[in-house]
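Geometric and topological summary
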Amino acid sequence: MRRPGQDVGAGDPAGTGVLHAVTGRSLGGGRIRAAWVTSTQCMFADALAIERKHGLNLWDDVAPRVAGQGFSMAGPDGQRALNWIASWDGGPAQSIDQRVKMAAWLKLFEERGGNVVIHGVTTADLNGPARLYELVIVAAGKGELVQLFDRGPSRSPYTKPQRRLSVSYVHGQESRPEWPGTTDVWMNIIPGVGELINIPGYTLSGPCDIFYVSGIPGGPFDAFAGRPPAEEQLRRHLELFRQYIPWEYERAKNAELTDGKAVLVGGYPPVVRRPVGEPPSGGFVLGMADVVVANDPITGQGANNAAKCAESYLGSILENGDRPFDRTWMQGAFDRYWEHARWGTMFTNAMLQPPPPHVQQILGAAQTNPAAAKRFVNGFNNPTDFQHWLLDPAKTEEYLASV
């Protein structure tokens, strides 16, 4: 954002803003599409409504319409102890490969008059922008820039990764036999081992399925630390499915990678950081999205949080008028966003632990009680609802008695 009265220079020919795409290497839209997969994502109804509000919904006509969410839990005998499904009330979800989305959005930003400058950025490189502009927002999930933002220990119970993550984007998975023709996210939990979350998505080559394998460190699903070649990673995924979740293996056994870079391996400790960073030469910058709230992907909140954080910050910016964007304003803008993000963070951190008895009761009740199943899955779209019935054992007991 320009300072009031500042002339529009060659770096901002439209006078509408500058987007610095912070990367470790120069990546234009074409190279983003040609890069490795960067994430999994599933945007629920509320986050998609934000995209549509701003004309960013470029894939509604081509992406799979994800109608709801299913849940399975493996029993001691290797068969399913639980298996149920519920639909989302607010409308279908959507998952777009970030390679597709970010490349298209960079182009759209320029078409709307913005100026995209792509280059590597260090903390020292923020000295100039922090002095030149009214407001600098940092949206880098990892890397050196994140070091400007201190960890908030009271909101960050974990100091180590709670899951080892591996991802494959595939074509050729068969429909779920018990619900043929449905298009749903499906969470499979294998107690003591980890999770497989299956997400219908859209990638470079069209509709696809995403295998998101979440392994407890040191366990059988933690089998990708050496970053095997893409085809070997998929082979290991299928072998793990065959051994631990055979009902998913039967659907996936003929799957093939969508492209040669359609895999991802990683893991990080969930963290909430303080929102205001100070570059070396002074001034302040505001962190957003994964910079300030980086949840484990197990509950699919990351991309949704990013959209909601952007919308919340936009509201705070517009309401600020001609007043300065100082440290106090930055903290207030984050606090406003945190009123939403706190509940998704609490839910996500809870899901990383073995479910306590009251949560087990909910998951079991959902097997035969459609109301309980529907409320649970709709919480992924609106995590603020969990405070009223799931995050407190007494409230859970009261809710179960009511249904």
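Quick caveat: nothing in here was measured; it's all calculated off a predicted structure.

1. Some remarks on the overall build of the protein chain
Scanning the protein chain from N- to C-terminus turns up 11 helices and 15 strands. In terms of overall size, the protein chain behaves like a compact globule, its C-alpha atoms giving a radius of gyration of 22 Å where 403 residues would be expected to give roughly 22 Å. Its C-alpha atoms give the protein chain principal-axis dimensions of about 70 × 50 × 40 Å. Scored against the burial criterion, the 403 residues of the protein chain give a buried share of 50%. The long-range fraction of contacts in the protein chain, counting pairs at least 24 apart against all pairs at least 6 apart in sequence, stands at 75%. A total of about 18000 Å² of accessible surface is found on the protein chain, and carbon and sulfur atoms cover 53% of it. Computing the positive centroid from 38 side-chain charges and the negative centroid from 41, the protein chain places the two 3 Å apart.

2. Structural notes on the pattern of salt bridges
Tallying each qualifying case throughout the model produces 18 salt bridges. Between Lys 253 and Glu 250 there is a salt bridge whose closest N-O contact spans 3.0 Å. One connected set of salt bridges, linked through shared partners, spans Asp 97, Arg 99 and Asp 259.

3. Description of the pairing of strand β11 (residues 263–266)
Judged by which residues are buried, β11 turns out to be one-sided: Val 263 and Val 265 face inward and are buried, whereas Leu 264 and Gly 266, on the alternate face, are not. The sheet contact formed by strand β6 (residues 164–171) and β11 spans four bridges and is antiparallel. Pairing of Ser 168 across the sheet is with Val 263, part of β11.

4. Considering the environment of His 171
Tracing the backbone through its elements, the reader meets His 171 in strand β6. The partly exposed category is assigned to His 171, whose relative accessible area is 27%. The sequence separation of His 171 and Ile 210 amounts to 39 residues, and the corresponding C-alpha distance is 8.9 Å. A distance of 2.7 Å separates polar atoms of two side chains, one belonging to His 171 and the other to Ser 205.

5. Notes on the nonpolar core
Counting 42 residues, the largest nonpolar core has Phe 71, Trp 84, Leu 363, Phe 376 and Leu 390 as the members making the most contacts within it. When residues of this core are assigned to their parent elements, the largest contribution, five residues, is made by helix α10 (residues 370–381). If we skip the residues at most four places from it in the chain, Phe 71 touches Leu 82, Asn 83, Trp 84, Trp 186, Met 187, Ile 189 and Leu 363. Leu 126, Val 285, Ala 289 and Ile 317 belong to the second largest nonpolar core, which has 31 residues in total.

6. Quick notes on the packing of helix α2 (residues 45–53) against helix α7 (residues 302–320)
For the pair α2 and α7, interaxial distance at closest approach is 9 Å and the crossing angle is 50°. Put simply, α2 runs oblique to α7. Seen along the crossing, α2 lies across α7 with a hand that is left-handed. Residues Asp 46, Ala 47, Ile 50 and Lys 53 of α2 lie in contact with α7, whose contacting residues are Asn 304, Ala 307, Lys 308 and Glu 311. Its residues assigned to classes, the contact of α2 with α7 comprises three nonpolar, one polar and four charged.

7. Observations concerning helix α9 (residues 357–365)
Three or more residues of α9 are buried, namely His 358, Val 359, Ile 362, Leu 363 and Ala 365. Each buried residue of α9 lies within a common arc of 165° when the element is viewed along its axis, so the set occupies one face.

8. Observations regarding the sheet that holds strand β13 (residues 276–277)
Read across the sheet, three strands follow the order β5-β14-β13 without closing on themselves; strand pairing throughout is mixed. Of all the strands in the sheet, just β5 (137–138) and β13 have a single pairing partner and so form its edges.

9. Some thoughts on the packing of aromatic side chains
Under the definition given, this model contains 18 aromatic pairs. Considering the side-chain rings of Phe 325 and Trp 329, the 4.8 Å spacing of their centres and the 85° angle between planes classify their relative orientation as edge-to-face. Classification of Phe 325 as buried rests on a relative accessible area of 9%. What makes Trp 329 buried here is its relative accessible area of 11%. Taking the centre distance of 5.6 Å and the plane angle of 75° together, the rings of Phe 376 and Phe 380 count as edge-to-face. Of this pair, Phe 376 and Phe 380 both sit in helix α10, separated by four residues, roughly a single helical turn. Accessibility assignment for this pair places Phe 376 and Phe 380 in one class, buried. The structure contains a cluster of three or more aromatic residues connected by ring pairs, namely Phe 44, Phe 71, Trp 84, Trp 88, Phe 347, Phe 376, Phe 380, Phe 386, Trp 389 and Tyr 399.

What counts as what
- Residue positions are given per chain, counted from 1 along the sequence in the order it is written.
- With the structure being a predicted model, the display of local features is reserved for residues of pLDDT at least 70 and the display and counting of side-chain atom pairs for 80 or more, all residues being used for whole-chain, interface and lining totals.
- Think of the side-chain values as coming from all heavy atoms in the structure, minus any hydrogens and water.
- In DSSP terms, a helix is any run of H or I states spanning at least four residues, a strand is any run of E spanning at least two, and both are numbered starting from the N terminus.
- Each radius of gyration reported is based on C-alpha atoms, and the globular scaling rule is 2.2 Å times the count of residues to the power 0.38.
- Note on classification: 1.4 Å probe, protein chains only; a residue is buried when its accessible area is under 20% of the maximum for its type, exposed when over 50%, partly exposed between these limits.
- Contacts were defined at the residue level, with two residues in contact if any of their heavy atoms lie within 4.5 Å.
- Note that accessible areas follow from Shrake-Rupley with a 1.4 Å probe, and for residues the cover is restricted to the protein chains shown.
- For the purpose of charge, His is not counted, nor are the chain termini; Lys and Arg are scored as positive and Asp and Glu as negative.
- One atom stands in for each charge, and that atom is NZ of Lys, CZ of Arg, CG of Asp or CD of Glu.
- A pairing counts as a salt bridge when a side-chain nitrogen of Lys or Arg comes within 4 Å of a carboxyl oxygen of Asp or Glu.
- Two strands qualify as a pair provided DSSP detects at least 2 bridges between them.
- For the purposes of these results, a polar contact is taken to be a pair of N or O atoms within 3.5 Å, where, inside protein, one atom must be able to donate a hydrogen and its partner to accept one; residues adjacent in sequence count only when each atom of the pair is a side-chain atom.
- Nonpolar cores are built from buried Ala, Val, Leu, Ile, Met, Phe, Trp, Tyr and Cys residues. Side-chain atoms within 4.5 Å join them into one set.
- Fitted lines through C-alpha atoms serve as axes, helices being fitted only where they are in contact, and the angles separating the N-to-C directions of these axes extend from 0 to 180 degrees.
- Any angle that is under 35 degrees is reported as roughly parallel, and any over 145 degrees as roughly antiparallel; angles of 65 to 115 degrees are reported as roughly perpendicular and all others as oblique.
- Should the near helix be turned anticlockwise from the far one by less than a right angle, the crossing is left-handed, and should it be turned clockwise, the crossing is right-handed.
- Residue polarity follows a fixed list, in which Ala, Val, Leu, Ile, Met, Phe, Trp, Tyr, Cys and Pro are nonpolar, Asp, Glu, Lys and Arg are charged, and the others, Gly among them, are polar.
- As used here, the arc belongs to the directions running from the helix axis to the C-beta atoms.
- Geometry of aromatic contacts follows a simple scheme: Phe, Tyr and Trp rings, the Trp one being its six-membered ring, pair when their centres are within 6.5 Å, and the pair is stacked under 30 degrees between planes, edge-to-face over 60, tilted otherwise.

Note that every value here comes from positions in space, so none of it alone points to a role or purpose.
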